[in-house]
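An overview of the molecular structure
Each chain, written out:
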Amino acid sequence: MVDDAELRYLHRCIELATEALEAGDEPFGSVLVAADGTVLSEDRNRVAGGDRTRHPEFTLARWAAERLTPAERAAATVYTSGEHCPMCAAAHGWGGLGRIVYASSSEQLSGWLADFGASPPPVRPFRSARSRRMSSWRGPFPGSPLRSGSCSAAITGGFDRIRPHETGLLMHRPPDTR
Ligand SMILES: Nc1nc2[nH]cnc2c(=O)[nH]1
């Protein structure tokens, strides 16, 4: 089970996800934490401007690649409100980052999107997207911190408020290509 410190990082991820949602972006937030517990960097989803690769996990992988040594990256943990998508899992693996701890799984996300009538993501989540270099990953945590208490606002409540199929902000399919 997740300990108090980890829960604090996950709560921060949910705050960032809420901030993203309020700014018109998708409700995802992530925090990069060093081996000694220092928060190195954090970010939230920023796709509303049109660049759909602006996931926080991708940004953190780039941040780490530019600033940390290979050993620091391997010892670091990415806490995130939602399990990595395949794009971010690849960046995480190529960047040599260590653990991932996520609050909600891709499977949960798919269920919520279906519940809200949103399009599925353009790249299908698949568990094998996780790199061999990730030392471990944990989640989802039933009952905590999502789907219960104040934290649920970011994802379950967030999708409820934003109605993705009306705003068009969440999870587009790519345009048809011939
Ligand atoms: N984990 C995660 N999944 C997503 N699916 C769509 N956007 C995101 C994001 O920013 N993070």
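Everything here concerns the structure above.
Heads up: these notes are all about the structure in this document. In this text the structure is predicted, and so the values were computed from the model without any measurement. Each chain has its residues counted from 1, running along the sequence as written. Where local features are concerned, this predicted model is filtered to residues with pLDDT of at least 70; where side-chain atom pairs are given and counted, the filter is 80 or more; whole-chain, interface and lining totals use all residues. Excluded from the side-chain calculations are hydrogens and water; all other atoms, namely the structure's heavy atoms, are used.

**Quick look at the nonpolar core**
- Ranked by size, the top nonpolar core spans 10 residues in total: Tyr9, Leu10, Cys13, Ile14, Leu16, Val31, Val33, Tyr79, Val101 and Ala103.
- Where this core is concerned, the elements lending two or more residues are α1 (4-22), β1 (29-33) and β4 (99-104).
- Segments assigned H or I by DSSP are reported as helices when at least four residues long, segments assigned E as strands when at least two residues long, and all are numbered from the N terminus. The biggest single contributor to this core is α1, with 5 residues.
- Not counting chain neighbours up to four residues away, the residues in contact with cysteine 13 comprise Gly29, Ser30, Val31, Tyr79, Thr80 and Ser81. Buried Ala, Val, Leu, Ile, Met, Phe, Trp, Tyr and Cys residues form a nonpolar core when they are joined through side-chain atoms within 4.5 Å. Exposure classes here rest on a 1.4 Å probe applied to the protein chains alone. A residue is buried below 20% of its type maximum, exposed above 50%, and partly exposed in between. Contact definition: two residues touch when any of their heavy atoms are within 4.5 Å.

**Some words on the packing of aromatic side chains**
- Aromatic pairing here means that ring centres of Phe, Tyr or Trp (its six-membered ring) are within 6.5 Å. Orientation follows from the plane angle: under 30 degrees is stacked, over 60 is edge-to-face, and everything else is tilted. Inspection of every chain in the model, using the stated rule, returns 1 aromatic pair.
- An angle of 45° between the planes, with centres 4.8 Å apart, marks the rings of tyrosine 9 and tyrosine 79 as tilted. Of the two residues, tyrosine 9 sits in helix α1 while tyrosine 79 sits in strand β3 (residues 77-82), which places them 70 residues apart along the sequence.
- Note on tyrosine 79: relative accessible area 4%, which makes it buried.

**Notes on helix α2 (residues 56-67)**
- For a helix, the expected span equals 1.5 Å multiplied by the number of residues minus one. For α2, which comprises 12 residues, the first-to-last C-alpha distance of 16 Å matches the rise-based estimate of 16 Å (1.5 Å per residue) to within 8%.
- Within the sequence span of α2, burial applies to Pro56, Glu57, Leu60, Ala61 and Ala64. Axial view of α2: buried residues confined to an arc of 140°, hence all on one face.
- Against the buried residues of α2 lie β1, β2 (39-44), α3 (70-75), β3 and α4 (86-94). The arc under discussion is defined with respect to the helix axis, by the directions toward the C-beta atoms.

**Points about α1**
- The first and last C-alpha atoms of α1 sit 27 Å apart over 19 residues, in line with the 27 Å expected at 1.5 Å per residue.
- Looking only at α1, the buried set comprises Glu6, Tyr9, Leu10, Cys13, Ile14, Leu16, Ala17, Thr18, Ala20 and Leu21.
- Taken from the residues just after α1, glycine 24 is the one with a positive phi, measuring 95°.

**So, the side chain of threonine 18**
- The topology assignment puts threonine 18 in helix α1.
- With relative accessibility at 19%, the residue threonine 18 sits in the buried group.
- Reaching out from threonine 18, the side chain makes a polar contact with the backbone oxygen of isoleucine 14 at a distance of 2.8 Å. Here a polar contact is taken to be a pair of N or O atoms separated by no more than 3.5 Å, where protein atoms must pair a possible hydrogen donor with a possible acceptor and residues adjacent in sequence count only if both atoms sit in side chains.

**Regarding the packing of α2 against α4**
- Inter-axis angles, ranging from 0 to 180 degrees, are taken between N-to-C directions of lines fitted to C-alpha atoms, where helices are fitted over the stretch in contact. It is the contact of α2 with α4, at a shortest axis distance of 8 Å, that shows an interaxial angle of 15°. Relative to α4, α2 is oriented roughly parallel. The element α2 and its partner α4 pack so that their crossing is left-handed. Contacts from Glu57, Phe58 and Ala61 in α2 reach Met87, Cys88, Ala91 and His92 in α4.
- Note that Gly is not counted as nonpolar here; it falls among the polar residues with everything else outside the nonpolar set of Ala, Val, Leu, Ile, Met, Phe, Trp, Tyr, Cys and Pro and the charged set of Asp, Glu, Lys and Arg. Classifying every residue of the contact of α2 with α4 by side-chain character gives 5 nonpolar, 1 polar and 1 charged. Note on terminology: angles under 35 degrees are roughly parallel, angles over 145 are roughly antiparallel, angles of 65 to 115 are roughly perpendicular, and the others are oblique. Throughout, a crossing is termed right-handed when the near helix is turned clockwise from the far one, and left-handed when it is turned anticlockwise from it by less than a right angle.

**Section: the pairing of β2**
- We call two strands paired when DSSP finds no fewer than two bridges between them. Across 5 bridges, β1 lies against β2 in antiparallel orientation. Bridging across to β2, valine 33 finds its partner in valine 39.
- Hairpin connection, β1 to β2: the antiparallel pair is bridged by 5 residues, and glycine 37 has positive phi, about 95°.

**Comments concerning the pattern of salt bridges**
- For this document, the term salt bridge refers to a Lys or Arg side-chain nitrogen within 4 Å of an Asp or Glu carboxyl oxygen. This model, assessed by the stated rule, comprises 9 salt bridges.
- Look at the salt bridges and you will find they share partners, linking Arg12, Glu15 and Glu42 into a network.

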